[in-house]
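Single-letter residue listing:
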Amino acid sequence: MNTIRLINIVWVFVASCLVMFMQAGFAILETGFTRSKNANNVLMKNLMDFCIGSIAFFVLGFGLMFGNDAGGIIGTSGFINPTGLNLQAFKDLSPTVYLFFQTVFCATAATIVSGAMAERTKFKAYLLYTLIISLCIYPVSGHWIWGGGWLAKLGFVDYAGSAAVHTVGGVAALMGAIALGPRIGKYNKDGSSNAIPGHNIPLGALGVFVLWFCWFGFNPGSSLEAATYVGHTALTTNLAACTATIVTMFVTWYRYGKPDISMTLNGTLAGLVAITAGCHVIDYYGSIIVGAVSGVLVVFGIELLDKKFHIDDPVGAVGVHCLNGIWGTIAVGLFATKTPVTSAVTGLFYGGGFKQLGIQLLGITAVVLWVGITSFIMFKVIAKTMGLRASAQEELGGLDIGEHGSQAYPEFITK
C-alpha cells in the first residue's frame, strides 16, 4: 500500500470519527433545548439511533445505497457483506474505512428526526422508525445522489449532504411532528403559541459548538482524500456558519427587541447545513451570501411552522435541516463557480445559465417527495399499530419516568 493511500485512509478515518462525535453534539443540544423531565429519554434515543442505524445500514442500507445500480433507482448488491462491493472508493481507500464513513452519515440523518419529535414520542416507536429510516428511506435517495443513481447521472451536486442527509432528516422530522401533533400546552384555544423553554441553554450551546467542530469532518472529509482543497471546503463551511450566526442574531434583535440565544444557535447550524451541498464549488463570498440567507430563513421558517401551521418542533430541527437543506441544495445552482476543487459546475450567477439550477430543483423536489411520502406513511402505520405518541400521563410526568423509570436530575423536583 503506497504512502498517499495510507494518508488518505487516515484522513477519512479521522473525519469519520468527527462525524460520529456529532451524535454527542445532537444529544446534548436536544437535551438542553428540551425540558429536564425528558433528558434521559432524549439521551437514550440519540444513543440508540446510532447503534440501530449502524447495524441496519451495514446489513442492508449500504447495499441499497452503493450496490450495483438498477435503473438508477436502487442498489442491488453488497447486502450482508458490503465490503465485497467493487467500488472505486474501496480501491482508493479501503472497504472498511469507506463503509464506516458512510455509516456515520446515515446515523446523522436518523438522529435529526428525534429533535422535532421530542417530549411526546413512545420510545419503542422511535426505535422502529429509526430502523426503517436507516434501512431503506435514507439509502434509496442516497443511491440517487451518491450511489450512481439517476440524479448522479444528471449531474446533481450534493457534496456532503444538504439534500442526502439534512433534507432527508429534516423532511422526516417534519412528517413525524405533523403525525404526532403538538405537546400538551403548546397551543391555546385561540391558536396562539406558548413558549416551552429548554432547561439548559448552556448545554445546548455546547452541543452547537460540538456540531460546528465536527462539521469540519463532515464537509472537508467528503473529499475522501487528504488534498490541498480540503482547506477551501473548511473555509467556506466556516464563513457560512459565522455569517448565518451574525445575521440570525440581528434578525432576532430587530424582531424581538433582544438578541435571542437559542435562535442564534440554530442560525449557526442553519449556515452549516446550507453550505454543505456546495462547499466545494461555491467561493468564499458566495458562501457568505449562502450563510446570510440561511440566517434569515431559519428565523422566519421556525416562526412560520410554529405560529402559522402549529407544527411543534421543540428544537427547531425542521427550520434548520429541512428548510436550509433545501436552500443549500438550490444555492449550488446559483453560486457554483470555479474553485480549487472543481470547475465542472457553474451556477446561474456566474454565467452558467439555468441548467444546473434546474437539476438542483428537480433533485431536491424528488428527495422531498420520496422522504415526505414514505416517512408519513411509516409514521401513520406505527401510530395505528404499536402507537406513536406517549400517553398524556407520561408526557406530563416526563418521559424519563414514564419510559425509563429514572431521572436525569434526581436531586431536583422537575416540571
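In what follows, the structure referred to is the one given above.
Here the structure is a predicted model, which is why all the values come from computation and not from measurement. (Residues numbered from 1 in each chain as written. Predicted model: local features only at pLDDT ≥ 70, side-chain atom pairs only at ≥ 80, totals over all residues. Heavy atoms only, no water.)

Participant: Explanation requested: the nonpolar core in the structure shown.
Facilitator: The nonpolar side chains of soluble globular proteins are, as a tendency, buried together. If you look at the biggest cluster of nonpolar residues, it comprises 112 residues, and the most contacted ones within it are Phe 62, Tyr 129 and Tyr 138. With 12 residues, the single largest contributor to this core is helix 5 (residues 95-116). (Core = buried A, V, L, I, M, F, W, Y, C linked by side-chain atoms within 4.5 Å. Buried < 20%, exposed > 50% of the residue type's maximum accessible area, 1.4 Å probe, protein only. Helix = DSSP H or I, 4+ residues; strand = E, 2+ residues; numbered from the N terminus.)

Participant: I keep staring at a nonpolar patch on the surface and nothing clicks. Help me out?
Facilitator: A surface patch of nonpolar side chains, about 450 Å² in accessible area, is lined by Ile 55, Phe 58, Val 59, Phe 79 and Ile 80. Within the secondary structure, Phe 79 is located in the loop between strand 2 (74-75) and helix 4 (88-92). (Patch = residues over 30% accessible without salt bridge, like charges linked within 9 Å, V, L, I, M, F, W, Y side chains within 5 Å. Areas by Shrake-Rupley, 256 points an atom, 1.4 Å probe, with all protein chains shown as cover. Salt bridge = Lys/Arg side-chain N within 4 Å of Asp/Glu carboxyl O.)

Participant: What is the right way to read helix 8 (residues 162-180) from this model?
Facilitator: Residues three or four positions apart in an α-helix share a direction because the helix packs 3.6 residues into each turn. Across its 19 residues, helix 8 extends 25 Å between first and last C-alpha, which sits within 8% of the 27 Å expected from 1.5 Å per residue. Where burial is concerned, most of helix 8 is hidden: 17 out of the 19 residues are buried. Looking one or two residues past helix 8, Gly 181 carries a phi angle of roughly 85°, positive in sign. (Expected span 1.5 Å × (residues − 1).)

Participant: What's the story with the pattern of salt bridges in this structure? I'm lost.
Facilitator: Pairing between side chains becomes possible if they bear opposite charge and their charged atoms approach one another. Evaluated as defined, the whole model comprises 7 salt bridges. Across the pair Glu 303 and Arg 255 runs a salt bridge, and its minimum N-O distance is 2.7 Å. Of the two residues, Glu 303 sits in helix 12 (residues 284-308) while Arg 255 sits in helix 10 (residues 230-256), which places them 48 residues apart along the sequence. In this structure, the salt-bridge partner of Glu 395 is Arg 389, at a minimum N-O distance of 2.8 Å. One salt-bridge network, in which partners are shared between bridges, spans Arg 35, Glu 119, Arg 183 and Asp 312.

Participant: How should I be thinking about unusual backbone geometry in this particular structure?
Facilitator: Trans is the prevailing form of peptide bonds, just as negative phi is the prevailing case for residues other than glycine. For Ile 80, which is not glycine, the phi torsion reads 70° and is therefore positive. For Ile 80, the location among the structural elements is in the loop between strand 2 and helix 4. One non-glycine residue, His 310, lies in positive phi territory at about 55°. Along the chain, His 310 falls in the loop between helix 12 and helix 13 (317-335).

Participant: Is there a simple way to think about the packing of helix 5 against helix 8 in this case?
Facilitator: For any two helices packed against each other, the geometry comes down to the angle between their axes and how far apart the axes lie. Relative orientation of the contacting elements helix 5 and helix 8 amounts to 30°, with a least axis distance of 8 Å. In terms of their interaxial angle, helix 5 and helix 8 are classed as roughly parallel. You can see that helix 5 and helix 8 cross each other, and the crossing is right-handed. Residues Phe 105, Thr 108, Ala 109, Ile 112, Val 113 and Ala 116 of helix 5 form the contact with helix 8, whose participating residues are Val 165, His 166, Gly 169, Gly 170, Ala 172, Ala 173 and Ala 177. Tallied by class, the residues present in the contact of helix 5 with helix 8 amount to 9 nonpolar, 4 polar and no charged. (Axes fitted to C-alpha atoms, helices over the stretch in contact; angles between N-to-C directions. Parallel < 35°, antiparallel > 145°, perpendicular 65-115°, else oblique. Left-handed = near helix turned anticlockwise from the far one by under 90°. Contact = heavy atoms within 4.5 Å. Nonpolar A, V, L, I, M, F, W, Y, C, P; charged D, E, K, R; others polar.)

Participant: Looking at this model, I keep getting lost on the packing of aromatic side chains. Mind explaining?
Facilitator: What describes a pair of aromatic rings is the distance from one ring centre to the other and the angle between the planes of the rings. In this structure the tally under the stated criterion is 20 aromatic pairs. On the numbers, 4.8 Å between centres and 45° between planes, the contact of Phe 101 with Phe 105 is tilted. Here Phe 101 pairs with Phe 105, and both are found in helix 5, just 4 residues apart, close to one helical turn. Take Phe 101: its relative accessible area is 3%, and that puts it in the buried class. Residue classification places Phe 105 among the buried positions, given a relative accessible area of 1%. Stacked on the ring of Tyr 187, the Lys or Arg Lys 186 has its end atom at 5.9 Å from the ring centre. (Phe/Tyr/Trp six-rings, centres within 6.5 Å; stacked < 30°, edge-to-face > 60°. Lys NZ or Arg CZ within 6 Å of the ring centre and 35° of its normal.)

Participant: I would appreciate a short explanation of the packing of helix 6 (residues 123-146) against helix 8 in the present structure.
Facilitator: At a minimum axis separation of 10 Å, helix 6 and helix 8 run at an interaxial angle of 140°. It follows from the interaxial angle that helix 6 and helix 8 lie oblique. The hand of the helix 6/helix 8 crossing is right-handed. In this structure, helix 6 contributes Ile 133, Tyr 138, Ser 141, Ile 145 and Trp 146 to the contact, and helix 8 contributes Ala 163, Ala 164, Val 165, Val 168 and Ala 172.

Geometric values such as these leave the question of function open.
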